[in-house]
Amino acid sequence: MSSPTTSQAPTPGLAAPTPALTALESELRALLGERGVSVELAARERASLDGSRLSPVIGEQLPLGLADLVAYPADAEQVAVVVAAAVRHHVPVTPRGKGTGNYGQAIPMSGGLVLDLTRARAVVEVGDGWMTAEAGATMIALEQAAARTGQQLLMYPSTAQSTIGGFLSGGSGGTGSIRHGSNSDGFVVALDVVHGLPDAQLVHVEGETAQLYVHNYGTAGVIARATVRLEPLQEWRALYASFDDFHDALSVLREIGDLEPTPRLVSADLPTLAQALPPDRAIPTGRASLRAILDLATVEAATALVDGAGGRVDDVRAGAQATTKVSMLSYNHPIEWLQKAFPGTYFHVEVSGDALVDRIDEVHQVYEGAMLHIEAQKGRPIGMLAGVYSTPGEVWAGFDRLTALGVGYHNPHQWFVDFQPERTRALALTTDPEGLLNPGKLQPAGATAVATGAKVS
Ligand code: FAD
C-alpha cells in the first residue's frame, strides 16, 4: 500500500501502489474527473475510519485497514461504472456512506477502493406512500422531502445525518421502530444495486429480492438507489419528563410505548447518563429522564402516566427540529455522550427483553458501574447497557449472566455479517464471485462462529 501523493515521497511504512491500483486510478480519473478520485493520505485515512471508537474493544485494534484510493461518484449510474472498473482490476471495494456505523463495518480491511457515496445524494421522486433516493441522500433530507408532501419515513436512525444506503446496509432501526420494527421488516420497496462483476450495471430488485441486500454491509451488492415506504405525516410532540428514580421511569416506559397512535420513540436514562447529554433545562440534573416523540393526541395520556408514576413533565415541544433533537438523544447516542463525559471509561452491549424493566437491579449487577439506556420497542424493550471497561474477556463474561436473566444481547464489538449470513453467502456466490465487495465482513461458510458475536433474541 502506498501514499501515492504525486509530489511527495511515499510515507514510511507504506508500500508503492500496485500496477492494478495505478491503472484503476487513471481509469477512474477519466470516468469521474479529477475531483472524483483521491489518493491523498488524509482522504484515504478519513475514508478508513467509522464510528467504531464507540467500542473500546475495536478501538484498541485500530487502524484496521487503509484505503488505497477513494472514489466519489456523483450519481447512481457512476456508482455502477466505478464498481465495474474496480472489479476488472480485481481491486476490493468498500462502500461508505457517512461512516457512522459503529462496528468497523465500513473499514476497508483489505485496502483497495473506498466508494464514498455521499455525493450521489439526489432525492429522485416522492410518490404516494414511497420515495426514491440515491444511496448518499441523508435520512434527514429524506424525512424533510417526505414532509413537504405530507408524509414521513417509517423510520430513521438516531444518526439522522447518515445515508439511506448506509442505514439499509449497516443499521437496523430507530425513530419509528416501535411501530414498524427494523429496516428489514418491509421498509424497503425496491433497490437499484450494483454487483461485484466486471460488467456491473444497475440491477433493479423489488420485494423479497430487495430484502436480500438489507443489513449485510454491501457484501452482496452496493445499493445505488433505494425506494422506501412512507406513511401520512403525523403531528408529533417532543415530550420531556423526569423522575426522582429510574425505576419510576421504567414503570411507565412500556405503557407509554403502547399508547395509540403509537409513539415514534420513547427513551429513558438514569440520572448519570442523562447528565452526560447536552445540557437542556428539560433534562434536570440529578433526575432520571424520559423523552418521547408522541402523537399530539396522546400527550395528555402520557402526561397522566408520568404523573401517576410520581414523575413530572418538564416540557412539550412542537416542530420537526424539536422531535429530531429527541431522536438524536436515542439508541447509541447516550452512550456516545457518556463516553465524551468519561473518556476511556465505558463500553456497551446491545440488550433486549422485558427483563430490562422487570429485573433492572440484577441487570445493573452484570457489569461494574452498569447503566441502562432503554427504548420502548415493538414487542419488548431494547437498550444499551453501559459498563466500566477493563478487558474484552470481562465484556464477554457478562453475556452468560445476561442470558441467565432472560436478557437478549447483541455484541457490538465485531464487524461480521451476523444477520442471516448464510443467505448473504448464497447470494454473494453469484453477485460477488471474487469476494471483492467489502472483504473481511462476511465469514466463509463453516467458519467458527465468533464466540463473542452470538445473538440472543
Ligand atoms: P456507513 O457507516 O458509512 O456504512 C455502514 C455499513 O454499510 C458499512 O458496512 C458500509 O460498508 C455499508 N454501506 C454504506 N453505504 C452502502 C451502500 N450504498 N451500499 C452497500 N453498503 C453500504 N444505527 C441504527 O440502525 N439506529 C440508530 O439509532 C443508530 N444510532 C447510532 C448512534 C451512534 C452514536 C452511532 C455511532 C451509530 C448509530 N447507529 C445507529 C449506527 C449507524 O450510525 C447507522 O446504522 C447509520 O444509518 C449508518 O449510515 P452511514 O451512512 O453512516 O453508513
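Relevant structure appears above.
A brief report on the enclosed structure follows. (Residues numbered from 1 in each chain as written. Predicted model: local features only at pLDDT ≥ 70, side-chain atom pairs only at ≥ 80, totals over all residues. Heavy atoms only, no water.)

### Topic: the site of the ligand
Residues in close proximity to the ligand total 35 residues, the closest being Pro95, Gly97, Thr100, Ser172 and Gly173. Residue Gly97 places a main-chain N or O atom 2.7 Å away from an oxygen atom belonging to the ligand. Ser169 has a polar side-chain atom sitting 3.0 Å from a nitrogen atom of the ligand. Out of a free accessible area of 970 Å², the ligand has 97% covered by protein chains. Elements supplying a minimum of two residues to the shell around the ligand: β3 (93-96), α6 (164-170), β10 (222-232) and α13 (333-341). Ranked by residues supplied to the shell around the ligand, first place goes to α6 with five residues. Among the residues forming the shell around the ligand, the class breakdown is 10 nonpolar, 22 polar and three charged. (Near = heavy atom within 4 Å. Polar contact = N/O pair within 3.5 Å; in protein donor to acceptor, adjacent residues only side chain to side chain. Areas by Shrake-Rupley, 256 points an atom, 1.4 Å probe, with all protein chains shown as cover. Helix = DSSP H or I, 4+ residues; strand = E, 2+ residues; numbered from the N terminus. Nonpolar A, V, L, I, M, F, W, Y, C, P; charged D, E, K, R; others polar.)

### Concerning the sheet that holds strand β11 (residues 236-243)
Taken in spatial order, the eight strands make up an open sheet running β14-β11-β13-β12-β16-β17-β15-β18, and their pairing is antiparallel. Two strands lie at the open edges of the sheet, namely β14 (312-318) and β18 (408-410), each paired on one side alone. Taking each pair of neighbouring strands and ignoring which way they run, the sheet shows an average axis angle of 20°. In this sheet, strand β17 (residues 382-388) lies alongside strand β15 (residues 346-352) in antiparallel orientation, the contact comprising seven bridges. Bridging from a neighbouring strand, Ser352 pairs with Ile382 of β17. Lying over the sheet, helix α16 (residues 392-404) contacts β15, β17 and β18, oriented at roughly 25° with respect to β15. (Pairing = 2+ DSSP bridges. Axes fitted to C-alpha atoms, helices over the stretch in contact; angles between N-to-C directions. Contact = heavy atoms within 4.5 Å.)

### A closer look at the pattern of salt bridges
Evaluation of the coordinates by the stated rule reveals 18 salt bridges. For Arg29, the salt bridge is made with Glu34, and the minimal N-O distance between the two is 3.1 Å. Salt-bridge contacts for Arg317 lead to Asp315; the nearest nitrogen and oxygen are separated by 2.8 Å. As far as burial versus exposure is concerned, Arg317 and Asp315 are alike and both buried. Salt bridges linked by common partners bring Asp280, Arg281, Asp315, Arg317 and Lys325 together as one network. (Salt bridge = Lys/Arg side-chain N within 4 Å of Asp/Glu carboxyl O. Buried < 20%, exposed > 50% of the residue type's maximum accessible area, 1.4 Å probe, protein only.)

### Considerations on the sheet that holds β3
Strand order in the open sheet made by the four strands is β1-β2-β4-β3, with mixed pairing throughout. In this open sheet, the two edge strands, each paired with only one partner strand, are β1 (37-38) and β3. Bridge analysis of β1 against strand β2 (residues 69-71) gives two bridges, and the strand direction is antiparallel. By the bridge assignment for β2, Val37 is matched with Ala71. Sheet strands in contact with helix α1 (residues 19-32) are β1, β2 and β4 (113-116), and its direction is about 25° off that of β2. Taken strand by strand, helix α4 (residues 76-88) contacts β2, β3 and β4, and its axis lies near 175° from that of β4.

### Points about unusual backbone geometry
Cis geometry marks the peptide bond from Leu62 to Pro63; its omega dihedral reads 0°. With respect to the helices, strands and loops of the structure, Pro63 is situated in the loop between α3 (56-59) and β2. A cis amide bond links Glu260 with the next residue in sequence, Pro261, at an omega value of -5°. Along the chain, Pro261 falls in the loop between α9 (246-257) and β12 (265-269). In this model, His90 sits at a positive phi of 60°, which is unusual for a non-glycine residue. Its location among the elements puts His90 in the loop between α4 and β3. On the basis of relative accessibility, which here comes to 52%, the residue His90 falls in the exposed class. Of note, the phi angle at Asn438 is positive, near 45°, even though the residue is not glycine. Relative to the helices and strands, Asn438 resides in the segment after α17 (421-431).

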